[in-house]
Amino acid sequence: IANSTSGGDCVNDTGNSLNAASSNNLIEDAANACGLSDGVNGNIIGQDPVLDALTDFGGPGGQVFPLLAGSPAIDAGTNTGCPATDQRGATRPYNSVCDIGAYEVDTPLTTPPMVTLTPGVSSSFAITTTTGASITVSVPPGAVTQTTDLLYQSPSTVPGSPPNLTFANIALTLQAQIGGNIQSGFTFAQPINIAIDYTDADIAGLIESTLATGMYYLNTSNGLWQQDGITVVSHDMANNHIVFSISHLTQFALFGQAETAATGFTLTVTTVGSGTVTVGSRIGTGSFGSFGSFVCGAVCTQVYSAGTVITLTAAPAGGWNFNGWSGDVVAGSVMSPTINLLMDTDKAITATFGLAEQKLYLPVVMK
């Protein structure tokens, strides 16, 4: 299998012709195929081999690029001269005919589901992960210039992670197929959006605010997680919702920074006057436990994991009014009885209550 990311899959420096009887090769770069023709002697020219990331199966020669579902290399080799095992040591052939290349698919592969994209027509579909998170892919009308099948799946694991980051249990693999052939290096004419509704369990032990910079794609040519071409559109931590835009296709995954003891922050709530503040954390998992709602009297403190969103609700006592917040409050929310605070540092906030206006009615004595 030849699958160079820079092209030139087959280069003949000697100037001599390659043996025309060479068979069962898969060369993606049709412009550099050393004179071999597609469909002749079992050769496949100009098709993406649909490879997974470089994977280490252990032992000598254990590193290999596995074939994914839909790869034209599956069952396209020849049993003549086919080794008894593949590079990992797996028995071949698995089916009746050996696969092309160093990897023999030795488990049944399921073709991923797909949606057909039509030029000028918008499209949207949703995927539910094994953890209950929802991934919605939205494709604008101008994203494709010809009818394209978009294959998608959400793997539960990914190979490795970027430095100092932890997998957030959400991944998405996208592949474009035109005329039945997987398209290598496919790029949308307009970016598409990926909206993720994650669960608290997905990000347990992670700093939620770091998810905004945590979407990566797997570069299958070098096995590294990279971010070029990915843009964060919005991140609504109060509703576990984040949106990214992408233009190219591969495997994507969401990562976050793990919490440490140093990433816990203290919230101090003080009330002035007669009233209470209900403190509720939307999430509070990780190093500092999980806290439900509680009512704060004069003064209360609590330590929360970094990235936790706190909801504060002020309630005046009878005969009193809520006069506003002061301290670490977002501008524009001073007079709102219910506010949200992002715990990205130690914060202190005060709720002030004042006596309601009292009307005194005096009797009028007429003489």
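Here we summarise the structure given alongside this text. (Residues numbered from 1 in each chain as written. Predicted model: local features only at pLDDT ≥ 70, side-chain atom pairs only at ≥ 80, totals over all residues. Heavy atoms only, no water.)

1. So, the overall build of the protein
For the protein, the count of helices and strands is 0 helices and 24 strands. Taken over 367 residues, the protein has a buried fraction of 41%. Looking at the protein alone, contacts between residues at least 24 apart form 62% of all its contacts between residues at least 6 apart. Only carbon and sulfur atoms are counted for the fraction: they give 52% of the accessible area of the protein, which is about 17,700 Å². (Helix = DSSP H or I, 4+ residues; strand = E, 2+ residues; numbered from the N terminus. Buried < 20%, exposed > 50% of the residue type's maximum accessible area, 1.4 Å probe, protein only. Contact = heavy atoms within 4.5 Å. Areas by Shrake-Rupley, 256 points an atom, 1.4 Å probe, with all protein chains shown as cover.)

2. Things to note about the pairing of strand β7 (residues 134-139)
Across a regular strand the side chains alternate sides, sitting on one face of the sheet and then on the other. Where burial is concerned, the two faces of β7 differ: the one with I135, V137 and V139 is buried and the one with S134, T136 and S138 is not. Alignment of strand β6 (residues 123-128) against β7, held across 6 bridges, turns out to be antiparallel. Following the sheet pairing, T128 is matched in β7 by S134. Linking β6 to β7, which pair antiparallel, is a turn of 5 residues; within it G132 sits at a positive phi near 100°. (Pairing = 2+ DSSP bridges.)

3. Digging into the environment of Y217
Turning to its location among the elements, Y217 is positioned in strand β12 (residues 215-219). Taking the C-alpha atoms as reference points, Y217 and Q251, separated by 34 residues in sequence, lie 5.6 Å from one another. Excluding its chain neighbours within four sequence positions, the residues that come into contact with Y217 are L224, W225, Q226, Q227, D228, I230, H248, T250, Q251 and F252. One polar contact links Y217 to D228, side chain to side chain, over a distance of 2.9 Å. (Polar contact = N/O pair within 3.5 Å; in protein donor to acceptor, adjacent residues only side chain to side chain.)

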